Amino acid sequence: ETNSGVIMMPVIPLLWCVLLVTTMDRQEVLSAWGMPMLGICSASLANAVPVGGGIVFVPVLGLFGVKLELGTAFAVATMTFGNGVFGFLSWLKKDPSSIVWGIVPYAVLPAWAGAAYGTYRPFLTPTQSRHLFALFCVLVALVVGRGIYRNGRIHDTGECRTFSIVDDYDHDSGGGTGRRSLLASLSSFCVGLILVPHIGIGNAMTTFLVCTFIWRLPAKKSVVTSILVGGWTSFLPFIMHLFLIRDVPMNLWVMGLPGVYLGARIAPLVHEGLGITRVLTAFVFFLLGTAMLMVFA
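Residues numbered from 1 in each chain as written. Predicted model: local features only at pLDDT ≥ 70, side-chain atom pairs only at ≥ 80, totals over all residues. Heavy atoms only, no water.

### So, the overall build of the protein
Helices and strands together make up the secondary structure of the protein, namely 13 helices and 0 strands. Ordered by position from N to C terminus, the α and β elements of the protein give α-α-α-α-α-α-α-α-α-α-α-α-α. For the protein, the residues scored as buried account for 53% of the 297 residues in total. Nonlocal contacts in the protein, meaning residues at least 24 apart in sequence, comprise 82% of its contacts between residues at least 6 apart. Summing over all exposed atoms, the protein offers an accessible surface of approximately 13,300 Å²; the carbon and sulfur share of this is 69%. (Helix = DSSP H or I, 4+ residues; strand = E, 2+ residues; numbered from the N terminus. Buried < 20%, exposed > 50% of the residue type's maximum accessible area, 1.4 Å probe, protein only. Contact = heavy atoms within 4.5 Å. Areas by Shrake-Rupley, 256 points an atom, 1.4 Å probe, with all protein chains shown as cover.)

What follows is the structure, encoded as structure tokens:
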């Protein structure tokens, strides 16, 4: 926490310069000139609401003819740094109390186990993956939309309380019973096995639901913790795509990182400026829009 500002500036920009010089030539740089702007948009969203940058990258790259498999590799590569490194350091500096460390092992380790198998042996077609994720987005949108409506009615009555999707949230949740731990671990394993290997997204959203309904956390802690976990659970599939499968589009990834870096720095300010209700309202609209893209694009 003390050194997060130094790591964000100048250490990370200097490391990116080294990566650019050692991996890219002039033609590759010119071929991916638009990626920094796309990175800003995706990381600003991914680090303000629990959707993951892939929710922008996968459909946009698909519109430009990039196969879904390459979009998936790119999404996990970008989320590893956008959410797991840049977003983590930004939130650590802005509001470290929003990170619930006790649930991280139950979210990350089972997701890695599922993602390792699913990435090495994918078992869904691209069409099945897109339709599955569209359904998942609609269900999450309905749950979050209901929570926004319910909290609005509570505040209309004059009651002052922390925004939460559930009624009996727990301020101090982070460890828990064996039943909570088991449910959280199974949920993380399933999303790692099914969603992450096939479309590169869904880990942040699932963690948000787990934080909300299993760990009973208030909305802001659920949002911030799931944003960071989304990045950390992407690390293992990123390594597999980079070194074993070798399908990470390096020019797009390297050129997208500066935008992801800036977007991650902006996101906590956007989150605080809008407030949790507006953030989750935007989340619902993005979920429904993504569901339509996954079905019709």
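Moving on, there is more to tell.
### Notes on the side chain of Asp-95
Structurally, Asp-95 can be placed in the loop between helix H5 (68–94) and helix H6 (104–120). For Asp-95, a relative accessible area of 15% translates into the label buried. Of note is the side chain of Asp-95, whose polar atom sits 2.7 Å from the side chain of Ser-98. Reaching out from Asp-95, the side chain makes a polar contact with the side chain of Lys-220 at a distance of 2.7 Å. (Polar contact = N/O pair within 3.5 Å; in protein donor to acceptor, adjacent residues only side chain to side chain.)

### Concerning the side chain of Asn-203
Position of Asn-203 relative to the elements: it lies in helix H9 (residues 203–213). Classification of Asn-203 as buried rests on a relative accessible area of 2%. A polar atom in the side chain of Asn-203 sits 2.8 Å from the side chain of Thr-233. A polar side-chain atom of Asn-203 sits 3.2 Å from a polar atom in the side chain of Ser-234. Beyond its immediate chain neighbours, meaning those up to four positions away, Asn-203 contacts Met-79, Val-191, Val-196, Gly-230, Thr-233 and Ser-234.

### A few points about the packing of H9 against helix H10 (residues 219–233)
It is at 8 Å that the axes of H9 and H10 come closest, and there the two elements cross at 140°. Crossing of H9 against H10: the hand is right-handed. Here H9 contributes Asn-203, Ala-204, Thr-207, Phe-208, Cys-211 and Thr-212 to the contact with H10, which in turn contributes Ala-219, Ser-222, Val-223, Thr-225, Ser-226, Val-229, Gly-230 and Thr-233. (Axes fitted to C-alpha atoms, helices over the stretch in contact; angles between N-to-C directions. Left-handed = near helix turned anticlockwise from the far one by under 90°.)

### Some details on the pattern of salt bridges
This model, assessed by the stated rule, comprises 1 salt bridge. The salt bridge partner of Asp-95 is Lys-220, with a shortest N-O separation of 2.7 Å. Residue Asp-95 is located in the loop between H5 and H6, and its partner Lys-220 is located in helix H10; the two are separated by 125 residues in the primary sequence. (Salt bridge = Lys/Arg side-chain N within 4 Å of Asp/Glu carboxyl O.)

### Considerations on the environment of Ala-107
Along the chain, the position of Ala-107 falls in helix H6. The spacing of Ala-107 and Ser-185 is 78 residues in sequence and 6.2 Å in space, taken between C-alpha atoms.

### A closer look at the packing of aromatic side chains
Under the defined criterion, the tally for this structure stands at 11 aromatic pairs. Look at Phe-88 and Trp-232: their rings are 5.4 Å apart centre to centre, the planes differ by 65°, and that puts the pair in the edge-to-face class. In this pair, Phe-88 is assigned in helix H5 and Trp-232 in helix H10, connecting sequence segments 144 residues apart. On the accessibility criterion, Phe-88 (18% relative accessible area) is buried. With centroids separated by 6.3 Å and ring planes inclined at 50°, the aromatic side chains of Trp-112 and Phe-235 adopt a geometry described as tilted. Here the residue Trp-112 occupies a position in helix H6, and Phe-235 occupies one in helix H11 (residues 235–245), the gap between them amounting to 123 residues. The class for Phe-235 is partly exposed, based on a relative accessible area of 39%. Three or more aromatic residues joined by ring pairs form one cluster here, namely Phe-81, Phe-86, Phe-238, Trp-253 and Tyr-261. (Phe/Tyr/Trp six-rings, centres within 6.5 Å; stacked < 30°, edge-to-face > 60°.)

### A closer look at H11
Listed as buried for H11 are Pro-237, Phe-238, Met-240 and His-241. Each buried residue of H11 lies within a common arc of 160° when the element is viewed along its axis, so the set occupies one face. One or two positions beyond H11, positive phi appears at Arg-246, with a value near 60°. (Arc of directions from axis to C-beta.)

### A look at H9
Counting buried positions along H9 gives 10 out of 11 residues, so the element sits mostly inside the fold. Among the residues of H9, Asn-203, Ala-204, Met-205, Thr-206, Thr-207, Phe-208, Leu-209, Val-210, Cys-211 and Thr-212 are the ones counted as buried.

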